[in-house]
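Structural overview for review
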Amino acid sequence: FGDGNLPECAREAVSEAVAEATKKGYLRPSMVDPLTRENSGNNTGKGVPNIEYEYHPGQKYVDFIISFKGCGAELGNAMQIMTTAKLGKNLSGLKRFILETAVNAGGKPCPPYGIGIGGQMDIAAKPSRKAISTRRWDDVNPDPELAALEAELKDAINGLGLGAAGTGGDTVCLALKMERAHTHTAFAPVAINFHCWVARR
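The notes below deal with the structure included here. (Residues numbered from 1 in each chain as written. Predicted model: local features only at pLDDT ≥ 70, side-chain atom pairs only at ≥ 80, totals over all residues. Heavy atoms only, no water.)

Thoughts on the packing of aromatic side chains
For the record, the criterion: A pair of aromatic rings is counted whenever rings of Phe, Tyr or Trp (Trp by its six-membered ring) have centres within 6.5 Å, and the orientation is called stacked for planes under 30 degrees apart, edge-to-face for over 60 and tilted otherwise. The numbering of helices and of strands both runs from the N terminus, where a helix is a DSSP run of H or I of at least 4 residues and a strand a run of E of at least 2. Only protein chains enter the calculation, and the probe is 1.4 Å; a residue is then buried if its accessible area is under 20% of its type maximum, exposed if over 50%, and partly exposed in between.
In total, this model carries one aromatic pair according to the counting rule given. Seen in terms of ring centroids, Tyr113 and Phe194 are 4.6 Å apart; in terms of plane orientation they differ by 50°. Their pairing is tilted. Linking Tyr113 in strand 2 (residues 113-118) with Phe194 in strand 4 (residues 187-194), this pair joins segments that are 81 residues apart in sequence. In this structure, Tyr113 and Phe194 share a single accessibility class: buried.

Spelled out as structure tokens, the structure:
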């Protein structure tokens, strides 16, 4: 795997395992064609299961991280391609966008947040999902700037008074994790990705 590409045989093995797990009733068969809505009945099809691969030279073992997320958590997701001006002084525009997304989502999605900043549109979405799907929810970001932002935004979201499932209260955000990637000088895409609070992984 030295070139960073996952061999087709590995993809096929994962696909077969997902189909078998669905057949045995461990997974709900919920994956459909986006336009025809045709269901394969086994959670496989074009682009699914979604497999991402990272190669770390010298690593002597393989880690498999399987992260399940339901549709309810996806319904509040948001993305915005922000300009430098829109990011704002002291990132005020970025913070406003994240808080507005929390308010608009209300009690619909599950409360943990993953936020990806930078790259292009597709790049911002990947770290937003990775941040909330693979990091421990009680960890501290090794990037001091992001660690401070995570703490500030988590407190700010909980301060909105949305509460669990939007019923009111002081806790709606159980965790907020951020990752960033270098981007073009003219803009900064921002992706917000909700995850299920049950943390199935």
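Points about helix 6 (residues 144-158)
This is how the line gets drawn: Each helix should span, by expectation, one fewer than its residue count multiplied by 1.5 Å. Arc definition: directions from the helix axis to the C-beta atoms.
With 15 residues, helix 6 should cover 21 Å at 1.5 Å per step; its first-to-last C-alpha distance of 21 Å lies within 8% of that length. Looking at helix 6, one finds that the buried residues are Leu146, Ala147, Leu149, Glu150, Leu153, Ile157 and Asn158. Buried residues of helix 6, seen end-on, are gathered within an arc of 165° and therefore sit on one face of the element. Exposed and oriented more than 90 degrees from the buried face of helix 6 are Pro144 and Asp155.

Quick notes on unusual backbone geometry
Residue Pro49 is bonded to the preceding Val48 through a cis peptide linkage, with omega at 0°. Considering the arrangement of structural elements, one finds Pro49 in the loop between helix 1 (8-23) and helix 2 (71-74). At Arg37, a residue that is not glycine, the phi angle is positive and equals roughly 65°. You can see Arg37 is positioned in the loop between helix 1 and helix 2. A positive phi angle is found at Asn90, which is not glycine, with a value near 55°. Within the secondary structure, Asn90 sits in the loop between helix 3 (84-87) and helix 4 (92-105). Owing to a relative accessible area of 63%, Asn90 belongs among the exposed residues under this scheme.

Some thoughts on the environment of Gly163
Cut-off, in case you're wondering: Every residue pair with non-hydrogen atoms within 4.5 Å of one another is taken to be in contact.
Mapped onto the fold, Gly163 is located in the loop between helix 6 and strand 3 (176-181). Residue class for Gly163 comes out buried when judged on its relative accessible area of 0%. Once the C-alpha coordinates of Gly163 and Val14 are considered, the two residues, 149 residues apart in sequence, prove to be 38 Å apart. In this structure Gly163 touches Gly168, Gly169, Thr171 and Val172, once residues within four positions along its chain are discounted.

Things to note about the packing of helix 4 against helix 6
We count it as follows: Only the stretch in contact is used when fitting a helix axis, every axis being a line fitted to C-alpha atoms; angles between N-to-C directions are given from 0 to 180 degrees. Each angle receives one of four descriptions, namely roughly parallel if under 35 degrees, roughly antiparallel if over 145, roughly perpendicular if within 65 to 115, and oblique otherwise. Should the near helix be turned counterclockwise from the far one by less than a right angle, the crossing is left-handed, whereas a clockwise turn marks it as right-handed. Under the scheme applied, nonpolar residues are Ala, Val, Leu, Ile, Met, Phe, Trp, Tyr, Cys and Pro; charged residues are Asp, Glu, Lys and Arg; polar residues are all the others, including Gly.
Contact geometry for helix 4 and helix 6: axes closest at 10 Å, N-to-C directions at 40°. Judged by the inter-axis angle, helix 4 sits oblique to helix 6. Taken as a pair, helix 4 and helix 6 cross one another with a handedness that is right-handed. Of helix 6, the residues touching helix 4 (which contributes Lys95, Ile98, Leu99 and Ala102) are Leu149, Glu152, Leu153, Ala156 and Ile157. Looking at the contact of helix 4 with helix 6 residue by residue, the class counts come to seven nonpolar, no polar and two charged.

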